[in-house]
2 protein chains.
Amino acid sequence: MAFPKHVRLVEVGPRDGLQNEPEPITTATKLALIDRLGAAGIRYIEAASFVSPKWVPQMADHREVMTGITRRDGVTYAALTPNLKGLEAALECGVEEVAVFGAASEAFSQKNINCSVAESLARFEPVLERAQQAGVRVRGYVSCVLGCPYEGEIAPAKVAEVSKALYEMGCYEVSLGDTIGVGTPLKAKRMLEAVSHEVPMAQLAAHFHDTYGQALANLYAVLEEGIAVVDSSVAGLGGCPYAKGASGNVASEDVIYLLNGLGIETGIDLDALAATGTWITQAIGRPNRSKVGVALAAK
Amino acid sequence: MAFPKHVRLVEVGPRDGLQNEPEPITTATKLALIDRLGAAGIRYIEAASFVSPKWVPQMADHREVMTGITRRDGVTYAALTPNLKGLEAALECGVEEVAVFGAASEAFSQKNINCSVAESLARFEPVLERAQQAGVRVRGYVSCVLGCPYEGEIAPAKVAEVSKALYEMGCYEVSLGDTIGVGTPLKAKRMLEAVSHEVPMAQLAAHFHDTYGQALANLYAVLEEGIAVVDSSVAGLGGCPYAKGASGNVASEDVIYLLNGLGIETGIDLDALAATGTWITQAIGRPNRSKVGVALAAK
């Protein structure tokens, strides 16, 4: 066992957590959420997505969000930019860091972004080039790393191949997403082992969903392997778009409770984070999917 | 790592899961639950509690439940018997196995059963003697093994001391309960290490609660140490009496999903178990606290 001394939490609630909400959420509410997350000590916040409002109407105010943030020292405010057009718009808003989104499943890539995995990677190349010119770092996501809603099992070698392509293209970090939350600890370890032969462990992040309740067990298993960056969403915002009513993103509060118990530093104030989860779920009328959040609020 | 090949699940839903329900649940519903659990392949079911209806009104029909079960070959139907009076009543109903309930926390013992830990152990002695005469095995519970709602931290040495006393008194198995679900994996491992110096690992069970979402991570950690008996409750029935609205017992469905993923045999049909969880939560009007149950039902 070689747990990291410090873990960096990547808070995806304002983007991944809110993007599928059907009712419009005001820009003011999004900005208040981002501000409270920063106040709780989170140092990396994915704040917006520069995609067409035709595809993701909830993120239509990406410019207003990105330019409206009251920035805190030491906090990175990132945005998803799936193509060059999105990147240019994000750059105009002064974004410091962006992300691109690939898949380890051909069927998922086709259904989600209407192109093959190879085509999606080819589309990212000009995004990476332009970002590098602008001095903006790019994070890469790989989805379906432990299973696909259409294909089922995904070979660890396929995850390694896509991760390697993103890393060699210039992504400084590759986030491994269990998009439908079907993974279990040994599967997660085996997948990580395959990927870490191609991309250094320090450049990898775990992005696990809690749809089947396995996210913290999976995180514990990959922390043992040396993973030191974890993606999560306050209050487990987001749910699972592939199983309505079920859980999606693992809750940030539950991750911090685990890390605190393991003696791993994060710099995050759990009580302030849990209060933020209680507040945002009440503000948008959603259940709080953080067990820690619910337990602390019930005390 | 030395995962067990097979894990025995101890289903506590009909007793621990239902005992705090304020509205009366019919004996017929309890019997139907017990029958469906057996049909799903569960081989050990804690079916009733022989306590005074003054303390636990929901278990007042313990005789009707215990004698009403349509018994299946290979399934053990057990009952909680905190004292000699309860044991005699259980024996009259033909119980095959009983359980006694101690605590690793002095404050919890005082508040929960109105006596010190030492006094509670002394009370169990005649229960153990009488059960042995009757040829009935006795399981011992230890509560608060990873924390107490009144005392906070509990020393692993205290858990080991109480576990040893139960084992030496004749309990064939000691179930280690994280009653308020505050534990995390390394704490769980350290506690188990202390206890396993006094009681053989094969005679220990993990009884973890999911109040802070940590139960499966904790189970994964103790399975690595060799724990091969796990207590759980279908649909996470029970909630947490110390934080109303929060989770209590870890859900059996989520445990089975984890074990299936680790390649550990249980002999349990996950789909039948999840259907049972959906049915009982609808029957008693409670939320389904199994993430696996919710995800499978949403598919």
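Residues numbered from 1 in each chain as written. Chains lettered and ligands numbered in written order. Predicted model: local features only at pLDDT ≥ 70, side-chain atom pairs only at ≥ 80, totals over all residues. Heavy atoms only, no water.

## Structural notes on the nonpolar core
Step number 1: Met66(A), Leu219(A), Met66(B) and Leu219(B) are the most contacted members of the largest nonpolar core, which totals 196 residues.
Step number 2: If we skip the residues at most four places from it in the chain, Met66(A) touches Ala47(A), Ala48(A), Phe50(A), Arg71(A), Tyr77(A), Ala78(A), Ala79(A), Cys93(A) and Val95(A). (Core = buried A, V, L, I, M, F, W, Y, C linked by side-chain atoms within 4.5 Å. Buried < 20%, exposed > 50% of the residue type's maximum accessible area, 1.4 Å probe, protein only. Contact = heavy atoms within 4.5 Å.)

## A few points about the side chain of Arg139(B)
All names here are of chain B.
Step number 1: By the secondary structure assignment, Arg139 is in strand E5 (residues 137–143).
Step number 2: Residue Arg139 is classed as buried on the basis of its relative accessible area of 0%.
Step number 3: For Arg139, the side chain forms a polar contact with the side chain of Asp231, separated by 2.7 Å. (Helix = DSSP H or I, 4+ residues; strand = E, 2+ residues; numbered from the N terminus. Polar contact = N/O pair within 3.5 Å; in protein donor to acceptor, adjacent residues only side chain to side chain.)

## A short note on the relation of the copies chain B and chain A
Step number 1: Least-squares fitting of chain B to chain A yields an RMSD of 0.0 Å, with the superposition described by an axial translation of 0.0 Å and a rotation of 180°. Viewed as a symmetry operation, the transformation between the two copies matches a two-fold axis. Judged by C-alpha distance, Ala217(B) is the residue of chain B that lies nearest the rotation axis, at 1.9 Å.
Step number 2: A share of 100% of the interface residues of chain B reappears at the interface of chain A, consistent with the copies meeting face to face through the same patch. (Least-squares fit on C-alpha atoms with pLDDT ≥ 70 in both.)

## What about the confidence of the model for chain A?
Step number 1: For chain A, the mean per-residue pLDDT works out to 96, and 100% of the residues sit at or above 70.
Step number 2: For this predicted complex, the interface score ipTM comes out at 0.96, alongside a pTM of 0.97. (pLDDT = per-residue confidence, 0-100.)

## Comments concerning the interface of chain B and chain A
Step number 1: Each partner contributes residues to the interface: chain B has 36 residues there, and chain A has 36 residues.
Step number 2: On the chain B side of the interface with chain A, the three residues burying the most area are Tyr212(B), Tyr257(B) and Lys291(B), jointly 25% of the side's total.
Step number 3: The tally of links from chain B across to chain A stands at two salt bridges.
Step number 4: In this structure, Lys291(B) engages Asp210(A) in a salt bridge whose closest nitrogen and oxygen atoms are separated by 3.0 Å.
Step number 5: Here chain B is connected to chain A by eight residue pairs in polar contact (both at pLDDT 80 or more).
Step number 6: The set of elements that each furnish at least two residues to the side of chain B that touches chain A consists of helix H8 (185–196), helix H9 (215–225), helix H10 (252–261) and helix H12 (291–298) of chain B.
Step number 7: In terms of residues, the side of chain B that touches chain A owes the most to one element, H12(B), which gives six residues.
Step number 8: Along the lines of polarity and charge, the residues of the side of chain B that touches chain A split into 20 nonpolar, eight polar and eight charged. (Buried area = accessible area lost by both parts, 1.4 Å probe. Salt bridge = Lys/Arg side-chain N within 4 Å of Asp/Glu carboxyl O. Nonpolar A, V, L, I, M, F, W, Y, C, P; charged D, E, K, R; others polar.)

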